[in-house]
Amino acid sequence: MLNLEELLREKLSIADIDYKPLSTSERQILILYGSQTGCAQDVAERISRQAKRRRFKTRIYSMDAYDRDNLINETLVIFVCSTTGQGDEPDNMKKFWKYLLRKNLPKDILNQMKFSVFGLGDSSYFKYNWPAKKLYKRLLTLGAQSILRRGNGDDQHYLGIDGGLDPWLEELWKVLMHMYPLPSAPSFRIEFIDRKLDQYDENLKRHDIYSNLTKNERVTSQDHFQDVRHMEFNINDSDFKYEPGDVCVIRPKNLSEEVDEFIKMMDWEEIADNAFVLVPNDDEDRKAPAHWDSILTLRKLFENYLDIFSTPRRSFFEFLSFFTTDENQTEKLREFCSAEGQDDLYAYNQRVRRTIVEVLQDFPSAKIQLEYILDMFPELQPRQFSISSSSKVHPGQIHLTVAIVQYKTRLQKPRRGVCTKWMSRLKPGECEIPVIITRGTMRLPSSISTPVIFIGPGTGVSVMRAFLEDRIYEGATENYLFFGCRNRDKDFYYKEQWNRYVNEGKLKLFVAFSRDQDNVRYVQHVLKENANLVYDILYNRGGRSDKMPDDVMEAFKSILISEGEMTNEQADRYMFMIERTKRYQQEVW
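Here the structure is a predicted model, which means the values were calculated and not measured. (Residues numbered from 1 in each chain as written. Predicted model: local features only at pLDDT ≥ 70, side-chain atom pairs only at ≥ 80, totals over all residues. Heavy atoms only, no water.)

## Looking at the overall build of the chain
Helix and strand counts for the chain stand at 20 helices and 19 strands. Of all 589 residues assigned to the chain, the portion counted as buried reaches 51%. Roughly 28700 Å² of accessible area belongs to the chain as shown, and the carbon and sulfur atoms make up 46% of that amount. (Helix = DSSP H or I, 4+ residues; strand = E, 2+ residues; numbered from the N terminus. Buried < 20%, exposed > 50% of the residue type's maximum accessible area, 1.4 Å probe, protein only. Areas by Shrake-Rupley, 256 points an atom, 1.4 Å probe, with all protein chains shown as cover.)

Structural data, given as structure tokens:
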């Protein structure tokens, strides 16, 4: 059995090791990523690991975390960016992208840079991989030299992102190993310290806001298949404020009892509560995330920061193969990592949404070295929730409408969402939760006299509740809500509040209950049934399943055609115009 270092070397191609190696200081690569849910970050980290195996000194940052003033000095940069919303760049790329768009930048400012770009997206959307396309083009206009075609990862590929990533990576390393002819050490080493954790402030106030949970109430009937919660948080901060449409970001935790079971399975019980610090390995730029505590234990690390219940990415299997002592298990893991084994990996892993813990249970000979846990296990990703309240109506409070994710696959054990599983167990009055407020994508018109059509199927109505509360508080009465759910008596969220607004003459409510009659009836059907009204508001007065955004857009276009006697081309142009001028806005999760 080869050791880890030999296994890492073995994965290099013959072409890679035929060249005379250069010193690490001469072979540097910068990897910048824009990631909304962690997928692009995982790809960037995979590239980083592969670069280290080829003896590149690597640095990796989100684009907004990188010091942009140093960009003119970079000679080799790999960009990885995902797509969010309707072709938008991820949140942690926005400032970087705005910087690149500055008109005063010289056209040759990046002529020293060689680069490549890999984009992650979904080809079922019109603006497929839009940020990657724009970034690639902008870098060229600033003088940077592309060393490889732009790569496209597509969720619609039967292998997912890997279907485009694997061949692109193969080409990338072939190019780079010719440019810089020639396993690396783990990113961090763990140094145990002879001190008790309770001697230190475990929860330094690094977050902007701390909140106290005051309500965690189910708002769907007990016999409904989905558990949806209305949650309320009090904020003890006199300067705290937010706007309708803003987003609440929450960092989830793993349940303590499940982490206990995991630690026992990994045979780490004796050291689980020993304090340690993380020390970067031969890379001054590599740091633990800023919100992590400086002194940790294994138990705390896996409860608060590392994800063990998500579906592992291919890079996890690649790493795991280095630590199995059973040859049959090692061979199976290597097969999963090969191009020929992708169908088997999909059937074993993605199709049934197998978790990291379950994979480790299936490969019990794996004895993971502690130094590699930060390279193997992904970080728990923050979750974003549209705020469903107005700060004017509920000062010092945040309301959220949260669907508890639970579903079944071919495996017997039900799958549960990491974040909502944790949130569903939170008890009012017993927990303090750090939250971060970020700006949303939608904003209300400045005048309360402007009529507004709100379309919020399912839990998508949460952000519409915030908008409606704010407008009605200011005295607006031209409010039109189109809401859709399955059943009037099971998942009609905020029914009493909507009916009160209707009775007060402050809201016109249109509902679609898709399962209360023989024929399925959705929001777009109700829009078409009220074509005259919608056209009048849209044209004269100027004001989600995975296909819901497109279906709603088509419903509006059909109204323009039927009521405004427009051609299909004219309706397309008109919808494009009102979307560009922010008169038509979508928030899609």
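From this point, things continue past the structure.
## Some details on the packing of aromatic side chains
Counted under the stated rule, the structure contains 32 aromatic pairs. With centroids separated by 5.0 Å and ring planes inclined at 20°, the aromatic side chains of Trp292 and Tyr305 adopt a geometry described as stacked. Pair noted here: Trp292 is in the loop between strand 11 (276-280) and helix 8 (298-304) and Tyr305 is in the loop between helix 8 and helix 9 (314-320), with a separation of 13 residues, a long-range link. You'll find Trp292 and Tyr305 in the same group, each marked buried. Members of the aromatic cluster, connected to one another through ring pairs, are Phe262, Trp268, Phe302, Phe316, Phe317, Phe336, Tyr348, Phe363 and Phe377. Looking at Arg354, its charged tip hangs above the ring of Tyr348, at a distance of 3.9 Å from the centre. (Phe/Tyr/Trp six-rings, centres within 6.5 Å; stacked < 30°, edge-to-face > 60°. Lys NZ or Arg CZ within 6 Å of the ring centre and 35° of its normal.)

## A few points about the packing of helix 3 (residues 39-53) against helix 6 (residues 162-179)
Two numbers describe how helix 3 lies on helix 6: the axes approach to 12 Å, and their chain directions differ by 30°. Our classification of the angle between helix 3 and helix 6 gives roughly parallel. Helix-helix and strand crossings are classified by hand; for helix 3 and helix 6 the assignment is right-handed. For the pair formed by helix 3 and helix 6, the contact residues are Val43, Arg46, Ile47, Gln50 and Ala51 on the first element and Asp162, Leu165, Asp166, Trp168, Leu169 and Trp173 on the second. The residue makeup of the contact of helix 3 with helix 6, split by class, is 7 nonpolar, 1 polar and 3 charged. (Axes fitted to C-alpha atoms, helices over the stretch in contact; angles between N-to-C directions. Parallel < 35°, antiparallel > 145°, perpendicular 65-115°, else oblique. Left-handed = near helix turned anticlockwise from the far one by under 90°. Contact = heavy atoms within 4.5 Å. Nonpolar A, V, L, I, M, F, W, Y, C, P; charged D, E, K, R; others polar.)

## Digging into the sheet that holds strand 8 (residues 209-218)
Sheet architecture is open: 6 strands sit in the order 12-10-16-8-9-13, paired in antiparallel fashion. Strands with a single pairing partner mark the edges of an open sheet, and in this sheet they are strand 12 (383-386) and strand 13 (397-403). Going across the sheet, the axis of each strand differs from the next one's by a mean of 40°, ignoring polarity. Two strands pair when backbone bridges link them, and strand 8 and strand 16 (residues 432-438) are joined in this way by 4 bridges, in the antiparallel orientation. Of the residues in strand 16, the one forming a bridge with Ile209 is Val435. (Pairing = 2+ DSSP bridges.)

## Some remarks on the pairing of strand 3 (residues 76-82)
When you tally the buried positions in strand 3, you get 7 out of 7 residues, the bulk of the element. Taking every second residue as pointing to the same face, both faces of strand 3 are buried, with Leu76, Ile78, Val80 and Ser82 on one and Val77, Phe79 and Cys81 on the other. Relative to strand 3, strand 1 (residues 28-34) is paired through 5 bridges, and the arrangement is parallel. In the sheet register, Tyr33 faces strand 3, and the bridge partner there is Val80. Relative to strand 4 (residues 114-121), strand 3 runs parallel, the two sharing 7 bridges. When the bridges of strand 4 are listed, Phe79 appears paired with Val117. Running through helix 4 (residues 94-100), the crossover from strand 3 to the neighbouring parallel element strand 4 is right-handed. (Right-handed = clockwise from strand over helix to strand, strands pointing away.)

## Quick word on the sheet that holds strand 19 (residues 508-513)
Here 3 strands make up an open sheet; going across it, the order is 17-18-19 and the pairing parallel. Looking at which strands have only one partner, the edges of the open sheet turn out to be strand 17 (452-457) and strand 19. On average, each strand axis in the sheet is tilted by 15° relative to the strand beside it, whichever way the strands run. Note that strand 17 and strand 18 (residues 479-485) share 6 bridges and pair parallel. Across the sheet, residue Phe454 finds its bridge partner in strand 18, namely Leu481. Seen against the sheet, helix 15 (residues 461-474) touches strand 17 and strand 18 and runs at an angle of roughly 150° to strand 17.

## Quick notes on helix 20 (residues 568-580)
End to end, helix 20 covers 18 Å across 13 residues, agreeing with the expected 18 Å (1.5 Å per residue, within 8%). Those residues of helix 20 not exposed but buried are Ala571, Tyr574, Met575 and Ile578. End-on, the buried residues of helix 20 take up no more than an arc of 100°, which puts them together on one face. With respect to the buried face of helix 20, the exposed residues turned more than 90 degrees away are Glu569, Phe576 and Arg580. At the exit of helix 20 stands Lys582, carrying a positive phi of roughly 65°. (Expected span 1.5 Å × (residues − 1). Arc of directions from axis to C-beta.)

## Topic: the UniProt feature "binding site: FAD" (unreviewed entry) in the chain
As recorded in UniProt, the sites labelled "binding site: FAD" (unreviewed entry) are Arg353, Arg383, Gln384, Phe385, Ser386, Gly417, Val418, Cys419, Thr420 and Trp589. Inspection of the secondary structure puts Arg383 in strand 12. Excluding anything up to four places from it in sequence, Arg383 contacts Cys248, Val249, Ile250, Pro252, Val418 and Cys419. Within the secondary structure, Gln384 sits in strand 12. Polar side-chain contacts of Gln384 include one of 3.2 Å to the side chain of Gln36. (UniProt positions renumbered as here; feature names shortened; annotations may be inferred. Polar contact = N/O pair within 3.5 Å; in protein donor to acceptor, adjacent residues only side chain to side chain.)

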